[in-house]
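Listed below, chain by chain, are the residues.
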Amino acid sequence: MSSRAGERLYRVHWLPGTDILRGSCHCGAERLAEEPIELWEWLLGHPQGHRAAAVPAPEPPTRLAMPA
């Protein structure tokens, strides 16, 4: 599916085997929801709520001292 320049493309996908929907905004943000109305309100409410959550940096692995 292609879109013309300047158009906004929103997608809602059902995750098979669940009651979960995944919404994708034209800006690349995604959200999971069980209620379609909640998901569409989020998609159409752009840009509110579309900031990606900060992902904490992974902690370095713990090294265990091995007896010699």
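Preceding block: the structure.
Criteria and thresholds
- Residues numbered from 1 in each chain as written.
- Predicted model: local features only at pLDDT ≥ 70, side-chain atom pairs only at ≥ 80, totals over all residues.
- Heavy atoms only, no water.
- Patch = residues over 30% accessible without salt bridge, like charges linked within 9 Å, V, L, I, M, F, W, Y side chains within 5 Å.
- Areas by Shrake-Rupley, 256 points an atom, 1.4 Å probe, with all protein chains shown as cover.
- Salt bridge = Lys/Arg side-chain N within 4 Å of Asp/Glu carboxyl O.
- Helix = DSSP H or I, 4+ residues; strand = E, 2+ residues; numbered from the N terminus.
- Buried < 20%, exposed > 50% of the residue type's maximum accessible area, 1.4 Å probe, protein only.
- Arc of directions from axis to C-beta.
- Contact = heavy atoms within 4.5 Å.
- Pairing = 2+ DSSP bridges.
- Axes fitted to C-alpha atoms, helices over the stretch in contact; angles between N-to-C directions.

(A) Examining a nonpolar patch on the surface more closely. On the surface, Val12, Trp40 and Leu44 cluster together into a nonpolar patch covering about 270 Å² of accessible area. With respect to the element layout, Leu44 can be found in helix α1 (residues 36-44).

(B) Highlighting α1. Turning to α1, its buried residues number three or more, namely Leu39, Trp42 and Leu43. For α1, the arc enclosing every buried residue in end-on projection is 100°, short of the 170-degree limit, so these residues lie on one face. Set apart from the buried face of α1 by more than 90 degrees, the exposed residues are Ile37, Glu41 and Leu44. On the buried face of α1, the contacting elements are β1 (11-14), β2 (21-24) and β3 (30-33).

(C) Local environment of the sheet that holds β2. Here we have three strands laid out as an open sheet, ordered β1-β2-β3, and antiparallel in their pairing. Of all the strands in the sheet, just β1 and β3 have a single pairing partner and so form its edges. Along the sheet, successive strands turn relative to each other by an average axial angle of 20°, direction set aside. Sheet topology note: the β1/β2 ladder contains four bridges and is antiparallel. Across the sheet, His13 pairs through a bridge with Arg22, a residue of β2. On the sheet, α1 packs against β1, β2 and β3 and is oriented at approximately 10° with respect to β2.

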